[in-house]
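# Geometric and topological summary
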Amino acid sequence: MTESVDRDANRALRARFDEVYGQYRRIRSGLDELQVKLTELRVTERSDDGQVIATVGARGELISVEVEPSVFHDRDAGALSRKITTTIHRASASAVNATQELVAGYLPAGSPSVEFLRTNDFNALLSRADTVLRPGE
């Protein structure tokens, strides 16, 4: 009886291992593709009036800012500064969302890594490890 239970437990453990290993292989094989996509990711946003265009990369880093010549007719440096800053912030927020969606496509559903990308909350990233390391709590 014990031998049968051990075999059943070993089969279940082996099946779980095969499942996890398969997930790992899918993730690993997609990492090169993901890295290329993240390197190439560009997000462009326009100000509400279309006079300022900001382009950022996957991490929200500024790639370029374009200013339409008509923006200088107003000659309000403060307003232009706010408009540029707001447009860059919108582009950065859009890049964070685009990066999260891209990465989520390469990770298992419910992955804490995706939540970490969204919130920058290390607790989300480490919660799975905590659960595994402290199963009795």
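Residues numbered from 1 in each chain as written. Predicted model: local features only at pLDDT ≥ 70, side-chain atom pairs only at ≥ 80, totals over all residues. Heavy atoms only, no water.

## Let's talk about the sheet that holds strand β3 (residues 62–67)
- What the three strands build is an open sheet, ordered β1-β2-β3; its pairing is antiparallel. Bordering the open sheet on either side are β1 (43–46) and β3, each of which pairs with just one other strand. Direction aside, the axes of adjacent strands within the sheet are offset by 15° on average. (Pairing = 2+ DSSP bridges. Helix = DSSP H or I, 4+ residues; strand = E, 2+ residues; numbered from the N terminus. Axes fitted to C-alpha atoms, helices over the stretch in contact; angles between N-to-C directions.)

## Some words on unusual backbone geometry
- Here the phi dihedral of R75 falls at roughly 60°; this positive angle occurs in a residue that is not glycine.
- You can see R75 is positioned in the loop between β3 and α2 (77–104).

## Focus on a nonpolar patch on the surface
- Taken together, the side chains of F17, Y21 and Y24 make up a nonpolar region of the molecular surface, amounting to roughly 340 Å² of accessible area.
- Mapped onto the elements, Y24 comes out in helix α1 (residues 2–40). (Patch = residues over 30% accessible without salt bridge, like charges linked within 9 Å, V, L, I, M, F, W, Y side chains within 5 Å. Areas by Shrake-Rupley, 256 points an atom, 1.4 Å probe, with all protein chains shown as cover. Salt bridge = Lys/Arg side-chain N within 4 Å of Asp/Glu carboxyl O.)

## A few points about the pairing of strand β2 (residues 52–56)
- Extensive coverage of β2 is indicated by the burial of five of its five residues.
- Alternating positions in β2 separate into two faces, V52, A54 and V56 on one and I53 and T55 on the other, with burial throughout.
- By the bridge criterion, four bridges tie β1 to β2 in an arrangement that is antiparallel. Paired with E45 across the strands is A54, a residue of β2. (Buried < 20%, exposed > 50% of the residue type's maximum accessible area, 1.4 Å probe, protein only.)

## A closer look at the nonpolar core
- Of all hydrophobic cores here, the largest spans eight residues; its members are L41, V43, A54, V56, A58, I88, A91 and A95.
- Of all the secondary-structure elements, those providing two or more residues to this core are β2 and α2.
- With three residues, the top contributor of residues to this core is α2.
- Ignoring anything within four residues of it in the chain, the contact list for V43 reads A54, T55, V56, A91, S94, A95 and A98. (Core = buried A, V, L, I, M, F, W, Y, C linked by side-chain atoms within 4.5 Å. Contact = heavy atoms within 4.5 Å.)

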